[in-house]
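Residue-level listing of the chains:
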Amino acid sequence: MKNKLPNPGLDDRIPSHQELERMEKEEAGDRPKWDNKTQYMLTCVGFCVGLGNVWRFPYLCQSHGGGAFMIPFLILLVLEGIPLLHLEFAIGQRLRSGSVGVWTAINPYLTGVGIASLLVSFLVGMYYNTIIAWVMWYFFNSFQNPLPWSQCPVNANLTDLVSECARSSPVDYFWYRDTLNTSTSIGDSGGLQWWMVLCLLCAWLLLYVCCLRGIETTGKAVYVTSTLPYVVLTIFLIRGLTLKGSLDGIKFLFTPDLNELMNPSTWLDAGAQVFYSFSLAFGGLISFSSYNSVHNNCEQDAVIISIINGFTSVYAATVIYSIIGFRATERFDDCLEGNILALLNAFSLAEGNITEGNYAESLQNLNGTFPETIQSLDLKTCDLQTFLSQGVEGTGLAFIVFTEAITKMPVSPLWSILFFIMLFCLGLSTMFGSIEGTVVPLQDLNIFPKRWPKEAITGIVCLVSFIIALIFAQSSGNYWLALFDSFAGSIPLLVIAFCEMIAVVYIYGIDRFNKDIEFMIGHKPNLFWQVTWRFVSPLIVLVIFVFYFVTKVSSNVTYIAWNPSSEDFPTLEVLEYPAWIYVIIFILAGVPSLVVPGTAMFKLIRRCCSNKNVYGAEVDTVSAKVQMFTTKT
Amino acid sequence: MLVWILFLLCQVGAPALAQDLCQRDAPNGYKVRISLKTALGEDAYEWNQSEMFFFQATMAFAMRRHFQMETYNVDNIILCVQTSRVSFWFVVTSPDNTTMLIPKADVEKAVRMSRHRINNAFLLSDRTLEFLGIYPTLAAPVNPDTPPWLIVFGVVIGAVCAGIIALLVSSLLQKRRKEKGMTEDGQDEEDMQVKGVENGINLDGTYNRGFTDDDRFTKL
């Protein structure tokens, strides 16, 4: 099929197959290399497997029909995730460059795609590392018994518990007050919180020490950061299964509700989850695979990593929901106990008259004879299903729900330390890919002088990110982070991924790409890859993008805030963003997306302007008149 | 005769009077609620008259401890309105005048002072031996000199800074070693090129530097 846009000069910009063979044999060039295949696989797995596997997938699974969610998830994993992953691995391995280098080599007008990847990696890296700073704060606070979030603090005159804590819960109070010291709205900045600044500094310094020399240092770090989460998950699974109520949680998670498959938002959420879970379009994966040898089997790698990623999501969901089941059962038991005690006290019945078993009928009897008394008691309704479906996602799951569950387990500090080490490792290994996706394009763009060592460039990137990330250390930092999460890491990535596929398939040329893969791994990609690369995957990404764009633009953009003086406290208050936030939203989502056509326009204009000077520029040399043409655009 | 009738009346009236002093919602009385099964589970003892006597004795002890001058006795603690929950009301009479009740505030002070002893006497806690209306004082928070999180933070950051310095220093040393090695190799290569040695074959003629292949890959 000759579906290809004209692309002159492609052969001059990319190394040919013979050159690749020569480079392979002579090991020429100062391009870094992986010490062994394991490091490469662990780095990619670490980049793909992140916090989203632990706190986004379980929530989606539970809210979209449990076991039934596996069906759209697995289908889209195969149709969208694996092809895109294979594409990024193959193009990086073939063109042996970071994201900017790869897209520029394909066509100089496509540099914008690389720059967009750079911007997205930078913005996402900033707020992602702040989450790691929060994890570290909780980790530092886990070295005490009892844990600080297990009980409310007493007020100044030692008469009662602090009101904000008594009305909500100790875990809520510790998160919103002790950790974030959150203000009531995004406009109210509230100044920097010194303990958060310290944790942020620690997070960035730790990241710097691991990324100091690029893959030389990250390659060693991933032996720990990519494997430890699995160890901890297994420990938690064994611990969880021995707790009361854990099987209820797992059953709740996986009970299929096939009606959810009719709901389009289930499929869209599944597609979005697959896409974001694979850390595609950040540029990091292209960079990592460019350090491989030319004949590395990237097809096998893509399939293996996709399977590992999918398996990790399901495994983490099982563990999380076993613990959530335990917490829900504890809450249910407490609720029931409270009600029984109230009844015993009101009617002066002997202890043991009303138990969990006969609670329902006893309540009915008493209600029949003394309805007013029962009314005045204000008994709470205790329903296990309600407690189970209080499934939260994101930071709420890790820092509120899970920490509460941990306080109810014996030897809580140990479980707390393990849990936060796991979250830390998951986040850090994703940050390696983010930093790679920021630093390598900066080097390719020659923004810094060539003789500056990689250590200095990485240091500057970390320093600038740290300074800008100080906005997340303010009182309103949590709201800023939610803003970044919604806009910086969603729409631009979909745009970039779509452009990547169009670029490789229609501008680079699918025929050339097929030959390249045949050269690299020994056989041409089969029909499955052809169909998905050409039609299916771009279509899926386009559909998700249109849906997201329409939803975000048409709905009122709101956020939830913690306000102790609001009416529904402790329920979070829903507020609308102030008008000036829309400028920030445009910078986060619009600028990276518009950089793609913008750079193309810029180069076009520059070429047109300099074209006028080409004609007629002649140089008189000794031997002959030589006409000068511009060869470099 | 009259004395004998008065004596009879006293015998009958005293308990009746006592009953009047102690009643549900008595203005100077406290309700006590005991949750034995919650506190002790399987080891819960039975609440009977002996336990009630023990309670009277403990309360008398608490009153004596607080007031110190006055000798309270078991008879000064009057109990009533027992239920199977186990809950009951009690009032305290003055040792000098059995018709006069000790005010609520004084009883509260006495109970607060000896709360720990009273709880321990019955193997119960503040939660399971409740004096309704007397709230337990909350434990003062333990404030360590340095918050424990700062200590862990210090350890981690110290290790990280040490790591950064170690890696940077080793990078610098590596680079210096490479540069020294390169200047020696570089000279040899250039000499070979100038002398016209290419692919190990001596070529005739001088080497034209104009055709060195120094930018094979196009820049942006």
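All of these numbers come straight from a predicted model, not from anything done at the bench.

### Things to note about the overall build of chain A
Then comes step 1: Summing up its helical and strand segments, chain A has 27 helices and 4 strands in all.
Then comes step 2: Relative to the compact-globule value of 26 Å for 633 residues, chain A shows a C-alpha radius of gyration of 28 Å, a close match.
Then comes step 3: Among the 633 residues that make up chain A, the fraction classed as buried is 57%.
Then comes step 4: Considering only contacts within chain A whose residues lie at least 6 apart along the sequence, 81% involve residues at least 24 apart.
Then comes step 5: Carbon together with sulfur atoms contributes 63% to the accessible area of chain A, which is approximately 26,100 Å² in total.
Then comes step 6: Looking at chain A, you have 36 positive and 49 negative side-chain charges, and the mean spots of the two groups are 15 Å apart.

### Some remarks on the UniProt feature "transmembrane region" (unreviewed entry) in chain B
Then comes step 1: Those places that UniProt annotates as "transmembrane region" (unreviewed entry) correspond, in this numbering, to residues 149-173 of chain B.
Then comes step 2: Secondary structure across residues 149-173 of chain B divides into 100% helix and 0% strand, with the first and last C-alpha atoms of the span separated by 36 Å.

### Side note on the interface of chain B and chain A
Then comes step 1: Between chain B and chain A, the residue contacts involve 36 residues of the former and 47 residues of the latter.
Then comes step 2: Summed over both sides, the interface between chain B and chain A buries roughly 3,400 Å², with carbon and sulfur atoms accounting for 66% of that surface.
Then comes step 3: Here chain B is connected to chain A by 0 salt bridges.
Then comes step 4: Taken together, the links from chain B to chain A amount to 9 residue pairs in polar contact (both at pLDDT 80 or more).
Then comes step 5: Sorting the residues of the side of chain B that touches chain A by element identifies strand 1 (30-34), helix 2 (36-40) and helix 5 (148-194) of chain B as the ones contributing at least two each.
Then comes step 6: Counting residues per element, the side of chain B that touches chain A draws most heavily on helix 5 of chain B, at 17 residues.
Then comes step 7: Residue composition of the side of chain B that touches chain A, grouped by class: 20 nonpolar, 10 polar and 6 charged.

### Regarding the UniProt feature "binding site: Na(+) 2" (unreviewed entry) in chain A
All names here are of chain A.
Then comes step 1: The feature "binding site: Na(+) 2" (unreviewed entry), as annotated in UniProt, sits at V49 in this numbering.
Then comes step 2: Mapped onto the fold, V49 is located in the loop between helix 3 (37-48) and helix 4 (51-55).
Then comes step 3: In this structure, V49 is in contact with Y230, N309, T312, L426, S429 and T430, ignoring residues within four places of it in sequence.

### A short note on the sheet that holds strand 2 (residues 77-83) of chain B
Residue and element names in this part refer to chain B.
Then comes step 1: Spatial strand order, 2-3-1-4: 4 strands in an open sheet with antiparallel pairing. Among the strands making up the open sheet, the edge pair consists of strand 2 and strand 4 (129-132). Shown here is a sheet whose adjacent strand axes are inclined to one another by a mean of 25°, direction ignored.
Then comes step 2: By the bridge criterion, 4 bridges tie strand 1 to strand 4 in an arrangement that is antiparallel.

### Concerning unusual backbone geometry
All names here are of chain A.
Then comes step 1: Of the consecutive residues N145 and P146, the connecting peptide bond is found in the cis state with omega at 0°.
Then comes step 2: Examined against the element boundaries, P146 turns out to sit in the loop between helix 8 (111-140) and helix 9 (163-167).
Then comes step 3: Positive phi values are uncommon outside glycine, yet S279 reaches one of about 50°.
Then comes step 4: By secondary structure assignment, the location of S279 is in the loop between helix 15 (264-277) and helix 16 (284-290).

### Here's the deal with the pattern of salt bridges
Two side chains bearing opposite charge may form a pair once their charged atoms approach each other closely.
Then comes step 1: Taken as a whole and assessed by the stated rule, the structure comprises 15 salt bridges over all chains.
Then comes step 2: Ionic pairing is found between D35(A) and K220(A), a salt bridge with its closest N-O pair at 3.2 Å. Taken as a pair, D35(A) in the loop between helix 2 (17-26) and helix 3 and K220(A) in helix 12 (residues 215-225) lie far apart in primary sequence, 185 residues in all.
Then comes step 3: E130(B) is the salt-bridge partner of R33(B), the closest N and O atoms lying 3.7 Å from each other. Separated by 97 residues along the polypeptide, R33(B) in strand 1 and E130(B) in strand 4 bring together distant segments of the chain.
Then comes step 4: For R33(B), a relative accessible area of 9% gives the class buried.

### Observations regarding the side chain of N563(A)
Residues and elements named next belong to chain A.
Then comes step 1: Among the secondary structure elements, N563 is positioned in the loop between strand 1 (558-561) and strand 2 (573-576).
Then comes step 2: Residue class for N563 comes out buried when judged on its relative accessible area of 13%.
Then comes step 3: A polar atom in the side chain of N563 sits 2.9 Å from the side chain of S565.
Then comes step 4: At 3.1 Å, the side chain of N563 and the side chain of E573 are in polar contact.
Then comes step 5: Every residue in contact with N563, bar those within four places of it in the chain, is listed here: T184, F569 and E573.

Thresholds, definitions, all that
Positions within a chain are numbered from 1, following the residues in the order the chain's sequence is written. Following the order in which they are written, the chains are lettered starting with A and the ligands numbered starting with 1. A pLDDT threshold of at least 70 governs which residues receive local features in this predicted model, and a stricter bar of 80 or more applies before side-chain atom pairs are shown or counted, although totals over entire chains, interfaces and linings include all residues. To get the side-chain values, take all heavy atoms of the structure and skip hydrogens and water. Helix and strand definitions follow DSSP, with helices as H or I runs of at least four residues and strands as E runs of at least two, each counted in order from the N terminus. Every radius of gyration here is taken over C-alpha atoms, with the globule rule written as 2.2 Å times N^0.38, N being the number of residues. Classification of residues uses two cut-offs on accessible area relative to the type maximum, computed with a 1.4 Å probe and protein chains only: under 20% is buried, over 50% is exposed, and between them is partly exposed. We call two residues in contact whenever any of their non-hydrogen atoms come within 4.5 Å of each other. For accessible areas, the Shrake-Rupley method is used with a probe of radius 1.4 Å. Any residue's cover is judged against the shown protein chains and nothing else. Charged-residue counts in this description rest on Lys and Arg as positive and Asp and Glu as negative, His and the chain ends being excluded. Charge coordinates come from a single atom per side chain, which is NZ of Lys, CZ of Arg, CG of Asp or CD of Glu. UniProt positions are given in the numbering used here, feature names are shortened, and annotations may be inferred rather than shown by experiment. Note on definitions: buried area is the accessible-area loss of two parts on being combined, 1.4 Å probe, summed for both. For this analysis, a salt bridge means a side-chain nitrogen from Lys or Arg found within 4 Å of a carboxyl oxygen belonging to Asp or Glu. Pairs of N or O atoms are called polar contacts if they sit within 3.5 Å, as long as, within protein, a hydrogen donor faces a hydrogen acceptor (for residues adjacent in sequence, only side-chain-to-side-chain pairs). In this classification, the charged set is Asp, Glu, Lys and Arg, the nonpolar set is Ala, Val, Leu, Ile, Met, Phe, Trp, Tyr, Cys and Pro, and all remaining amino acids, among them Gly, are polar. Pairing between strands is defined by DSSP: at least two bridges between the two strands are required. The angle between two axes is taken between their N-to-C directions and runs from 0 to 180 degrees, where each axis is a line fitted to C-alpha atoms and a helix contributes only its stretch in contact.

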